[in-house]
Amino acid sequence: GTEPACRALCRATPTCAHFSFDMNSTNSSCTIMGALCTNATSNALCAQNSNVQEKVLKCSESKQCLRIHYDFNWDYSGRYCPKGYDDHLGEFYERVSVTPQDVLYLAPWDPARDPPVPGCSLGAFVLRKPDRATDYLDLENSVVELNGEIVACLTSSNGIVDDAFDHGFTSVAINGSNTGNVVLRLANPRCQALNISTRTAEAEADSGSTEGLPISPLAIDDPTTNWTNDHWMHACSCFPESWGPSAPVTNDAFVSILAGSNNWFTPESVLIVEGEFVCEVAGLIEVLALEGEEAESVKEVCLSECKKRSCRFYFAGTGEGTAQCRLYSSCGYLVRDPGTTGELVGVPPATALACHIADPELCWATSGRREFLEADTGVAAPGGPYLYMDLYQQCDMKYISEQLGIQKCHVPAYAQPADMTWMYKVEGTAGLAHGNQLEVSCWEERYTAVTQEPTDGPPAQSETLTCISGDWYDSSGMVGLSSFSCSACFQVVGTRYSALRSSGKQEIYFLPSKEVQIYADASPQPYRVSKDGSLNLFGPLPGRGDNAIPEPDNGGGGSSTSLMMRSAITTLPA
């Protein structure tokens, strides 16, 4: 084949962004290139190739932007887009800038009106600053006068703009000198954010949602990296600081992270439950009665005292009519103590680095509780393991079974994931360069891919889009997500579920799948209530890190007969 034939093939292929043509004495090859790799840690599919040509659509001087790259002076570098046309000068360009002070014009040099510039000759272009007082721009009638200071003159053999449009790029002499590696090239526009609003609305309507979905049904991945769904986030996922308070990350979650930590730090304290619940006696270190000013700031005092004694949990509230702190070395299960009211709080050790998840409440509502009750779809949500998950599950079980003494069960907010690729997630898809690709799939927990039209086989589970000259093209060559949709899944349940759901107690439907046990917290050893109602000694619970119950202290002590229900992780036989 020939290079023109290779170029024609790329031009005729809607998803071709770049091509490479190689020819030697014996054969030639034409390669339609894949995705542009822009991440420093791109995967093994990415390779350096210097003999690549870029396709540019809508290529005309009145629409096409240009890019100047100058190693020795970044003040001149940047993207210059058509600003307007003058009947005398022709097309001129304005640098895309964030502030007015950074604006520069790239315009033809007119020896009849402009002052002499070293190295400038007829056909040259100059970089000049705007002059708000004397510039005249009547773009509608193509009358332009630029009078701002000229800062540089750019020349090439046949004119810099003509050479750039003829060859795609050109080397440029600046102020008569060829030193400095100045290059002017055509600049393909970057793509706007991928428009998924239509597909998201369809998915919401399909699921019966009327309030919008903070978790997008469409998961978006950069196929050139080694991690998944770079531009999508689940409510249970940790998030990098650069993501900001954008959905699904709540503002409360964002302001909870330690500034500058990239959301990898040791939380000072973690709230578990509010109400009449404390830890078991076996882990108790000390009870502190507070009076006066200390009683008015019981939460702060309890946290301070806990740190002094290296405790791992504390209860801050009132008991027997007085403000008090209860400090614990461990907390294996929750014990109701009628007559108390306050907060049970975990204090992670300094070595317990963790990350805050995007939306704890939404995470628990969509995934956490379902997994706990084994009512999930079998597709695990990202994130976890979570700090104090066992205690949160115990509290939720008590809440679902309508036990007394709970004011509020909080939900897991901090995770310690082994997979740290969440740090590389990028919010949004706006501004990706020509040649970048995105792979779109469905949120597996709740959605599956469907086809717009009948097909012979199963629908494709993902769609690849390529940024071509500012537009996203799908694999069929259509702009946007023209043939890919996600449809909400549904769960089959018994008729009893409907009545429970109407009263807002649908979780109870799944309780029979959970084995529960009742314990009596007594010192020196807790007891288990057996099926026949008798009390049996119950040894220390299996270790759960900071939640583990220590060996019982056989030195005596007080006694409590509080009853508590603790959810076992095992399930009953079918």
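Above this text you will find the structure in question.
(A) Local environment of the overall build of the chain. In terms of helices and strands, the chain carries 9 helices and 33 strands. Across the 574 residues in the chain, those meeting the buried criterion constitute 46%. In the chain, 66% of the contacts between residues at least 6 apart in sequence involve partners at least 24 apart.

(B) Seen up close, the state of the cysteines. Within the structure shown, the criterion is met by 12 disulfides. Covalent S-S linkage joins Cys-120 and Cys-153, the inter-sulfur distance amounting to 1.9 Å. Residues Cys-120 and Cys-153 are joined through a disulfide that is right-handed, its torsion about the S-S bond being 110°. One end of the pair, Cys-120, is in the loop between β7 (105-108) and β8 (125-128); the other, Cys-153, is in strand β11 (residues 150-155), with 33 residues separating them in the sequence. Taken as a pair, Cys-120 and Cys-153 share a single burial class, namely buried. Put simply, Cys-395 and Cys-409 are joined by a disulfide, and their sulfur atoms are 2.0 Å apart.

(C) Here's a closer look at helix α7 (residues 360-372). With 13 residues, α7 extends just 15 Å between its outermost C-alpha atoms, more than 12% less than the 18 Å of an ideal straight helix rising 1.5 Å per residue. Bending of α7 peaks at approximately 40° at the position of Thr-366. Within α7, burial applies to Pro-360, Leu-362, Cys-363, Trp-364, Thr-366, Ser-367, Gly-368, Arg-369 and Phe-372. Positive backbone phi, at 55°, marks Glu-374, one or two positions downstream of α7.

(D) Quick look at the sheet that holds strand β27 (residues 462-468). The 4 strands lie next to each other as β14-β25-β27-β28, forming an open sheet whose pairing is antiparallel. Two strands close off the open sheet at either side, each with one partner strand: β14 (218-221) and β28 (471-473). In this sheet, adjacent strand axes meet at a mean angle of 30° when their direction is disregarded. In this sheet, strand β25 (residues 437-442) lies alongside β14 in antiparallel orientation, the contact comprising 4 bridges. Counterpart to Leu-218 in the pairing with β25 is Cys-442.

(E) The arrangement of the side chain of Ser-367 in detail. In this fold, Ser-367 is placed in helix α7. Of the polar contacts made by the side chain of Ser-367, one reaches the side chain of Glu-445; its length is 2.7 Å. Discounting chain neighbours no more than four positions away, the residues touching Ser-367 are His-234, Cys-236, Ala-381 and Glu-445.

(F) Looking closely at the sheet that holds strand β1 (residues 18-23). The strand order β2-β1-β3 describes an open sheet built from 3 strands, whose pairing is antiparallel. The sheet is open, and its two borders are formed by β2 (28-32) and β3 (53-54), each paired with just one other strand. In this sheet, β2 lies alongside β1 in antiparallel orientation, the contact comprising 5 bridges. Paired with Asp-22 across the strands is Ser-29, a residue of β2. Running at roughly 160° to β1, helix α1 (residues 3-12) makes contact with β1, β2 and β3 of the sheet.

(G) The arrangement of the environment of Leu-387 in detail. Relative to the helices and strands, Leu-387 is located in the loop between α7 and α8 (389-400). Residue classification places Leu-387 among the buried residues on the basis of a relative accessible area of 10%. As a C-alpha pair, Leu-387 and Ala-415 span 28 residues in sequence and 5.9 Å in three-dimensional space. When near neighbours in sequence (up to four residues on either side) are disregarded, Leu-387 contacts Pro-267, Val-270, Pro-348, Ala-354, Tyr-392, Tyr-414 and Gln-416.

(H) Structural view of the nonpolar core. Judged by nonpolar contacts, the single largest core of 33 residues is most densely connected at Leu-194, Leu-218, Val-440, Trp-472, Leu-481 and Phe-484. Residues contacting Leu-194, with those up to four places away along its chain left out, are Ile-220, Thr-429, Leu-438, Val-440, Leu-465 and Trp-472. The next biggest cluster of nonpolar side chains, apart from the first, holds 32 residues, and it includes Met-233, Ile-272, Val-273 and Cys-331.

(I) Representation of the packing of α7 against α8 within the structure. Running from N to C, α7 and α8 cross one another at 90°; their axes reach a closest spacing of 11 Å. The pairing of α7 with α8 is recorded here as roughly perpendicular in orientation. Along its contact with α7, which presents Trp-364, Arg-369 and Phe-372, the element α8 presents Met-389, Gln-393, Asp-396, Met-397, Tyr-399 and Ile-400. Partitioning the contact of α7 with α8 into residue classes produces 6 nonpolar, 1 polar and 2 charged.

(J) How the structure looks around the pattern of salt bridges. Taken as a whole, this structure holds 15 salt bridges when the rule is applied. When the shortest N-O distance is used, the salt bridge between Glu-286 and Arg-309 registers 2.9 Å. Here Arg-309 lies in the loop between α6 (298-308) and β18 (313-319) and Glu-286 lies in strand β17 (residues 284-290), a separation of 23 residues in the sequence. Accessibility expressed as a relative area gives 30% for Glu-286, which makes it partly exposed.

Definitions and limits used
- Residues numbered from 1 in each chain as written.
- Predicted model: local features only at pLDDT ≥ 70, side-chain atom pairs only at ≥ 80, totals over all residues.
- Heavy atoms only, no water.
- Helix = DSSP H or I, 4+ residues; strand = E, 2+ residues; numbered from the N terminus.
- Buried < 20%, exposed > 50% of the residue type's maximum accessible area, 1.4 Å probe, protein only.
- Contact = heavy atoms within 4.5 Å.
- Disulfide = S-S within 2.5 Å.
- Expected span 1.5 Å × (residues − 1).
- Bend = angle between axes of the 7 residues up to and from the residue.
- Pairing = 2+ DSSP bridges.
- Axes fitted to C-alpha atoms, helices over the stretch in contact; angles between N-to-C directions.
- Polar contact = N/O pair within 3.5 Å; in protein donor to acceptor, adjacent residues only side chain to side chain.
- Core = buried A, V, L, I, M, F, W, Y, C linked by side-chain atoms within 4.5 Å.
- Parallel < 35°, antiparallel > 145°, perpendicular 65-115°, else oblique.
- Nonpolar A, V, L, I, M, F, W, Y, C, P; charged D, E, K, R; others polar.
- Salt bridge = Lys/Arg side-chain N within 4 Å of Asp/Glu carboxyl O.

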